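# Residue-level structure breakdown
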Amino acid sequence: MTTAQADSGRTVTTNVPARLDRLPWSRWHWTIVIGLGTVWILDGLEVTVVGNIASRLSEPGSGLSISSGQVTGIAAALYVAGACVGALFWGRLTDKWGRKKLFMITLAVYLAATALTAMSFDSWWFFLFRFLTGFGIGGEYAAINSAIDELIPAQYRGRVDLMINGSFWLGAVGGSLLSIVALNTELFAKDVGWRLTFALGAVLAFVILLVRRHVPESPRWLLIHGQDEEAERIVTSIEERVEAERGEPLPRAEGDITIRQRRSVSFAEIARTLFSDYRRRSVLGFSLFIGQAFLYNAITFGFGAILTTFFDVPSGNTGYYFAVIAVGNFCGPLLLGKLFDTVGRRVMISSTYLLSGLLLFATAWLFDQGSLSANTMTACWCAVLFFASAGASSAYLTVSEVFPMETRAMSIAFFYALGTAAGGISGPLLFADLTGTGKVGDTVLAFQIGAGLMCAAGLVAAVLAVRAEGRSLEDIAKPLTAA
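The structure reproduced in this document is the subject of the present report. What you see is a predicted model, and the numbers here were worked out from it, not measured in a lab.

For the rest of this paragraph, the subject is helix 7 (residues 157-166). Among the 10 residues of helix 7, eight are classified as buried, and the element is accordingly described as predominantly covered. Within the span of helix 7, buried status applies to Arg157, Gly158, Val160, Asp161, Leu162, Ile164, Asn165 and Gly166.

Below, the structure is given as structure tokens:
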């Protein structure tokens, strides 16, 4: 590494990014996956638990005066609204203060808010802390995706990112099974069981907080912010661990980059980057996020209500069905993830979005014809979400790798917030109203809207998706500070 003085700050020539990208997979990378990726398990737990306990919360004796529609509608929308606000608030600070500080702070916010949700004594308290829980989770999306993409080697980035984002559904499985136990009145009173589900989320967050202390700051972020000596120390330490594990020296890293270090990037530069320099990539990001946000935040929030309303499934049994769907969701990114690094981003992103949309149209038609039972409806949803989950995970992958490093966290936050606000706030409110009527045609309409948006996003990806597989982040999008 060499340095020189420049008018805007120190100029540094370094091969740190190339050294990170040429690393073979190792136990150290698994520590990153475990330390950072587990937050999606918490998010999955939160979303699933709320959907499955909606009927119980509305029953007399739950300890809250609240309706099922308010849980799947207002509370769900507030959770997503909190995530959108949190993404923007914490995303800016992630680019300014660093990845590690923020993924510790945001997890602590989540931990406190979900613990206080368990103590809800009135609907307003429940709504407030659902918003604040989302506020913490929203910041996690920006900080975690930034850190993951900057620490994982280029040849593995796609599959790892998809697997980590897909781990949301491991939390969904846990939330489904947990709700079965928690809603069993033979074990817990009506006003106790649902509280324990939120309390467990807080306990898991505390454990993850302890593990996460050992994850380092992103060396790429350190380089740009004038801490090149710390970046060098971290990368050297990683290389030594990997060499000790393999028992042989690592190959030489090829490729230097020269940057002018700076402390922050202005909002004007961020806006110019998104809406002028990378306009086509911004259209892609909006399309992917709006499509997946509506499908997931609108429909899965109300899946338990669909089962109880149209198939007479007892509220205490909806967790079994959702657990099956959640397994299908996790299998999508797990089994298809490698193809995003081999077959390529454009083919895989467009095909997963289109296939999930077409299968959802088919599910809506079968439901309208009265051809589905609770079991066959669940099977159809498994097929839809196997592909939709991989597609949705690729939306986070896309916006985290196709914009310059200085704006990465803010870009993730921006697209997540606007896309999710369009599909994730209006979606639950609309869907709660549609399913609340008890009319098949209204629920079919909601399915068709979600399917149409997924197909539209798939067509946009077929044209605009970036061929980022196997390429370094600096090659995909040149840093703003590059000399």
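Judged by side-chain polarity, Trp30, Ile34, Leu200, Val203, Leu204, Phe206, Val207, Leu210 and Val211 come together as a nonpolar surface patch covering roughly 760 Å² of accessible area. Every element with two or more residues in the nonpolar patch is listed here: helix 2 (27-37) and helix 9 (193-212). Ranked by residues supplied to the nonpolar patch, first place goes to helix 9 with seven residues. With respect to the helices and strands, Ile34 occurs in helix 2. In this structure Ile34 comes out as partly exposed when scored by relative accessible area, which is 49%.

Below, the discussion takes up the layout of surface pockets. Considering only enclosed or pocket space, the largest pocket measures out at about 300 Å³ in volume. Along the wall of the largest pocket there are 19 residues; nearest its centre are Trp28, His214, Val215, Pro216 and Glu217. No other element matches the six residues that helix 11 (residues 228-246) contributes to the lining of the largest pocket. Looking at side-chain class alone, the lining of the largest pocket contains 10 nonpolar, five polar and four charged residues. Its boundaries defined by the atoms lining it, the second largest pocket holds a volume of some 180 Å³. Lining the second largest pocket we find Trp25, Trp30, Tyr156, Arg159, Val160, Met163, Pro333, Leu334, Leu335, Gly337 and Lys338. Every element with two or more residues in the lining of the second largest pocket is listed here: helix 7 and helix 15 (318-342). Of the residues forming the lining of the second largest pocket, the biggest block, five residues, is contributed by helix 15. Tallied by class, residues from the lining of the second largest pocket come to eight nonpolar, one polar and two charged.

Thresholds, definitions, all that
- Every chain's residues receive numbers from 1 upward, in the order its sequence appears when written.
- In keeping with the model being predicted, local features are shown solely for residues with a pLDDT of at least 70 and side-chain atom pairs are shown and tallied solely at 80 or more, while totals for entire chains, interfaces and linings include all residues.
- Derived side-chain values reflect all non-hydrogen atoms in the structure, with water molecules and hydrogen atoms excluded from consideration.
- Relative accessibility under 20% of the residue-type maximum defines a buried residue, over 50% an exposed one, and the middle range a partly exposed one, all with a 1.4 Å probe and only protein chains included.
- Runs of E in the DSSP output that reach at least two residues are strands. Runs of H or I that reach at least four are helices, and both are numbered from the N terminus.
- Like charges within 9 Å and nonpolar side chains (Val, Leu, Ile, Met, Phe, Trp, Tyr) within 5 Å are joined into patches, using only residues over 30% in relative accessible area that form no salt bridge.
- Methods summary: accessible areas were calculated by the Shrake-Rupley approach with a probe of 1.4 Å, and residue burial reflects only the protein chains presented.
- By salt bridge we mean one thing: a side-chain nitrogen of Lys or Arg within 4 Å of a carboxyl oxygen of Asp or Glu.
- Definitions used throughout: a 1 Å grid over protein atoms alone; a cavity as a set of points that fits a 1.4 Å probe which cannot get out; a pocket as an open set with protein on both sides within 12 Å along at least five of seven lines; a lining residue as one with an atom within 4 Å of a point.
- Grid points are joined across faces, edges and corners, and a volume is the space filled by probe spheres set on the points.
- Ten residue types, Ala, Val, Leu, Ile, Met, Phe, Trp, Tyr, Cys and Pro, are classed as nonpolar, four, Asp, Glu, Lys and Arg, as charged, and the remainder, Gly among them, as polar.

Note that all results are geometric; they support no functional claim without further evidence.
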